Amino acid sequence: MLKSREELDAELAGAARAWLHEALAEAAHDAATPDAPGREATGPYTSPPWELRYAAAGRHCGPEHADSVRSLLLVEARATLPSVTRLYEQGTAAERRAVLLTLHRLDLGDTALPLVEDALRANDTRLVAAAVGPYGGDHLDTHAWRHAVLKCLFTEVPVAAVARLADRARGDAELARMLGDFADERTAAGRTVPEDLRTVLDLTAPADEGAHRATPTAVPAAPAPTEES
């Protein structure tokens, strides 16, 4: 869960806290001078100072705070589509995840959807989980969103990560069909059916039918291996 600046101030040691304040000041300066020469002229090999701070956040503030620090930098800089695209494409998995986690807090409309779509093609569960967060929940079209839910089930990303799950799944007969097919394929292959599939399938029923829907027998899948931040 992303932490606020106040929470970070309370948790970071002196040197890390000072580094954060300097980084946020640089980001705020960049946001306050949008017409400064070269702001949008930065290319793949040149970046404003705050973007360099973005990459160094884990080293200076610790990996446990890196997502929150990077998110604050993006918001403070009022990051544009070129900036978030550059940071995503050139970043590590952890840096990409922070971009995905922050998209809904930026004024980008649906222009950043290609980043979400790229993350959903990956096999890194950290990126998949971030891609189905608030921005994906608001902007993925119905077809892409259904496949994102199935991707979570296939890669064992908890469906609790899927933003607006109950809202978007309600009464979705096509999603119910896809879930049934997925369960049948797993059963035929002698593999367990994820417990989360029952959760999502129950949500696809209209409110007055939820209590009567039959669901596949699900066996909890083995937990996915943890990955380093």
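The following paragraphs examine the structure supplied in this document. (Residues numbered from 1 in each chain as written. Predicted model: local features only at pLDDT ≥ 70, side-chain atom pairs only at ≥ 80, totals over all residues. Heavy atoms only, no water.)

**Points about the pattern of salt bridges**
Consideration 1: Applying the stated criterion across every chain yields a total of 14 salt bridges.
Consideration 2: Between Arg121 and Asp118 there is a salt bridge, with its nearest N and O atoms 3.7 Å apart. Taken together, the residues span about one helical turn, with Arg121 and Asp118 both in helix α7 (residues 113-121) at a distance of three residues.
Consideration 3: Its salt-bridge partner being Glu195, residue Arg198 comes within 3.6 Å of it at the nearest N-O pair. Residue Arg198 and its partner Glu195 are both found in helix α13 (residues 195-204); the two are separated by three residues, about one turn of the helix.
Consideration 4: On the basis of relative accessible area, Arg198 is assigned to the partly exposed category, the value being 27%.
Consideration 5: A cluster of three or more residues bridged by salt bridges with shared partners is formed by Glu22, Glu26 and Arg53. (Salt bridge = Lys/Arg side-chain N within 4 Å of Asp/Glu carboxyl O. Helix = DSSP H or I, 4+ residues; strand = E, 2+ residues; numbered from the N terminus. Buried < 20%, exposed > 50% of the residue type's maximum accessible area, 1.4 Å probe, protein only.)

**Structural notes on the packing of helix α10 (residues 142-155) against helix α12 (residues 173-188)**
Consideration 1: With their axes 10 Å apart at the nearest point, α10 and α12 run at an angle of 30 degrees to one another. Put simply, α10 runs roughly parallel to α12. In this structure, the crossing between α10 and α12 has a hand that is right-handed. Packed against α10, whose contacting residues are Trp145, Arg146, His147, Leu150, Leu153 and Phe154, the element α12 presents Glu174, Leu175, Met178, Leu179 and Phe182 at the interface. (Axes fitted to C-alpha atoms, helices over the stretch in contact; angles between N-to-C directions. Parallel < 35°, antiparallel > 145°, perpendicular 65-115°, else oblique. Left-handed = near helix turned anticlockwise from the far one by under 90°. Contact = heavy atoms within 4.5 Å.)

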